[in-house]
Structures are given as C-alpha cells and as structure tokens.
Amino acid sequence: MKPGHTGLTHLVHSTRYSWKGLKAAFRNESAFRQEVGITAVMLPFAWWIGEGPVSWLLLVGSLFLVLIVELLNSAIENVVDRIGTEHHELSGRAKDIGSAAVMLSLIMAGLTWGLLGWEKFYS
C-alpha cells in the first residue's frame, strides 16, 4: 500500500488485499478449500443446533476460527518455502507448529459442535 493512504482509501486497499489473500488461499491451498466446504455445509446446521445467539456464535465462530488458523498456517508455510526448499530444523519446526495450531482449532470446533449438539439432542 502506498504511504499516505488513510481513512476510506486505506480501508478500500486493505479490503482488496484481503480478498486477494482469500482467493490465493482458495486457489492454492487444498486444506483451506476443504475447510471452506465443511464450513459451507455446517453453517445451516448452526441455525438448527444453536438455541440462541450465544450458542449460534460459538458454532459459527468455531468454524471461522479453523479458517483463520488455516490461513495463518498457510502464510507461515509460504514464507518458509520462499526462504528456501532445503531442510532446516527451524523451518520444519515452524511448519509443525502451524500445523499443530490448525489441529487444535479443529479439536476446539469439534468439541464446540459436539457439546452443543449433545446439549440440544440429549438433554
């Protein structure tokens, strides 16, 4: 972004870069595409399972958290790959830590959906 962009101009440029990033992730990252697909399928169920705005927000928020963490993990992987393709302990560690973050977000989403679904159907 050019220096001096403030206010609405800054917002327009930032939004454009964000959409560019989302399109790049969707085009180049199969895990992100899979998670977007799962989110699209699960979103209507959030209206059904969620018994109020807080539970609905937890359900939807857990899905978006997975997407957010996947985007950050993909960014880390791209930066590491840009630096070099030779094996380096720190590069591997950075990728593993990013992957662990995705795994934890998936576990959190699964627990959220499981517990709220259990509460709706079995209590």
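Residues numbered from 1 in each chain as written. Predicted model: local features only at pLDDT ≥ 70, side-chain atom pairs only at ≥ 80, totals over all residues. Heavy atoms only, no water.

The protein is annotated in an unreviewed UniProt entry as Diacylglycerol kinase of Halomonas casei. Database annotation for the protein, UniProt heading Sequence similarities (unreviewed entry): "Belongs to the bacterial diacylglycerol kinase family." As its UniProt record puts it under Catalytic activity (unreviewed entry), the protein is described as follows: "a 1,2-diacyl-sn-glycerol + ATP = a 1,2-diacyl-sn-glycero-3-phosphate + ADP + H(+)". (UniProt positions renumbered as here; feature names shortened; annotations may be inferred.)

*Asks:* Can you walk me through the overall build of the protein in this structure?
*Replies:* Helix and strand content of the protein: four helices and zero strands. Scaling as 2.2 N^0.38, a compact globule of 123 residues should have a C-alpha radius of gyration of about 14 Å, whereas the protein reaches 18 Å, well beyond that. Referenced to the eigenvectors of the C-alpha coordinate spread, the extents of the protein come out at roughly 55 × 45 × 20 Å. Out of the 123 residues belonging to the protein, those deemed buried represent 24%. The contacts of the protein with a sequence gap of at least 6 include a subset with a gap of at least 24, amounting to 62%. Total accessible area on the protein is roughly 8,800 Å²; 69% of this is exposed by carbon and sulfur atoms. Across the protein, the mean location of the 10 positive side-chain charges is 14 Å away from that of the 10 negative side-chain charges. (Helix = DSSP H or I, 4+ residues; strand = E, 2+ residues; numbered from the N terminus. Rg over C-alpha atoms; globule rule 2.2 N^0.38 Å. Buried < 20%, exposed > 50% of the residue type's maximum accessible area, 1.4 Å probe, protein only. Contact = heavy atoms within 4.5 Å. Areas by Shrake-Rupley, 256 points an atom, 1.4 Å probe, with all protein chains shown as cover. Lys, Arg positive; Asp, Glu negative; His and termini not counted. Charge placed at Lys NZ, Arg CZ, Asp CG, Glu CD.)

*Asks:* What is the right way to look at the UniProt feature "transmembrane region" (unreviewed entry) in the protein in this model?
*Replies:* The feature "transmembrane region" (unreviewed entry), as annotated in UniProt, sits at residues 56-76 and 97-116 in this numbering. Secondary structure over residues 56-76 splits into 100% helix and 0% strand, and the C-alpha atoms at its two ends are 30 Å apart.

*Asks:* Just to check I follow, could you spell out the pattern of salt bridges for this structure?
*Replies:* Oppositely charged side chains can pair when the atoms bearing their charge come close. All told, the structure shown has three salt bridges when counted by the stated rule. The partner of Lys120 in a salt bridge is Glu51, and the shortest N-O contact between them spans 3.6 Å. Taken together, the positions of Lys120 in helix α4 (residues 89-122) and Glu51 in the loop between α2 (30-49) and α3 (53-83) put the pair 69 residues apart, joining distant regions of the chain. Exposure remark for Lys120: the relative accessible area of 26% places this residue in the partly exposed category. (Salt bridge = Lys/Arg side-chain N within 4 Å of Asp/Glu carboxyl O.)

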